[in-house]
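Architecture at a glance
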Amino acid sequence: QVQLVESGGGLVQPGGSLRLSCAASGSIFNINYMGWYRQVPGKQRELVAGITSGGITNYEDSVKGRFTISRDNAKNTVYLQMNSLKPEDTAVYYCNVDVTYYSGIREKYWGQGTQVTVSS
């Protein structure tokens, strides 16, 4: 199976920046789609940004122009650079990784979440 390690969350003031990282470990043949989601109490978990194996990205409308998702395939790691943070960005952020094993089996995994708090 795959282990995901998230890091980079914390407390920042409005307008500040954070970079989230999610590193996948294990015997992985290929990581297909990688995404960052966020969730606040009482609401559904929502996709913030995603990136395909080919580097095609997509973003939730409210973060376009502020957040950038990227991946380092050699490290099996996905990043989320968050700039110009707003209080409404406050949430628990989760990474999700769609992997293919050498056997050809494909599965999705969630990180355990990292708290991002934007407050003055």
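What counts, and at which threshold
Residues numbered from 1 in each chain as written. Predicted model: local features only at pLDDT ≥ 70, side-chain atom pairs only at ≥ 80, totals over all residues. Heavy atoms only, no water. Helix = DSSP H or I, 4+ residues; strand = E, 2+ residues; numbered from the N terminus. Contact = heavy atoms within 4.5 Å. Areas by Shrake-Rupley, 256 points an atom, 1.4 Å probe, with all protein chains shown as cover. Lys, Arg positive; Asp, Glu negative; His and termini not counted. Charge placed at Lys NZ, Arg CZ, Asp CG, Glu CD. Disulfide = S-S within 2.5 Å. Buried < 20%, exposed > 50% of the residue type's maximum accessible area, 1.4 Å probe, protein only. Polar contact = N/O pair within 3.5 Å; in protein donor to acceptor, adjacent residues only side chain to side chain.

Let's talk about the overall build of the protein chain
When you go through the protein chain residue by residue, the secondary structure sums to 0 helices and 11 strands. When its helices and strands are written in sequence order, the protein chain yields β-β-β-β-β-β-β-β-β-β-β. Over its C-alpha atoms, taken along the principal directions, the protein chain stretches across nearly 50 × 25 × 25 Å. Pairs at least 24 residues apart make up 54% of the contacts formed inside the protein chain by residues separated by at least 6 positions. For the protein chain, the exposed area adds up to about 6400 Å²; of that, 47% sits on carbon and sulfur atoms. Each charge class in the protein chain was averaged separately, 11 positive and 9 negative side chains, and the resulting centres sit 2 Å apart.

Quick notes on the state of the cysteines
By the definition in use, this model includes 1 disulfide. Between the sulfur atoms of Cys-22 and its disulfide mate Cys-95 the distance is 2.0 Å. Looking along the S-S bond of the Cys-22-Cys-95 disulfide, the torsion reads about 45°, which is the right-handed sense. Remark: Cys-95 occurs in strand E9 (residues 91-100) and Cys-22 occurs in strand E3 (residues 18-25); sequence separation between them is 73 residues. The class of Cys-95 is buried, set by a relative accessible area of 0%.

So, unusual backbone geometry
Positive phi, close to 50°, is recorded for Asn-76, a residue that is not glycine. Mapping Asn-76 onto the fold places it in the loop between strand E7 (67-72) and strand E8 (77-82).

A word on the side chain of Asn-32
Here Asn-32 shows up in strand E4 (residues 30-39). Note on Asn-32: relative accessible area 12%, which makes it buried. A distance of 3.0 Å separates a polar atom in the side chain of Asn-32 from a polar atom in the side chain of Thr-100. Once residues within four sequence positions are removed from consideration, Asn-32 is found in contact with Ile-51, Thr-52, Ser-53, Arg-71, Asp-98, Val-99, Thr-100 and Arg-106.

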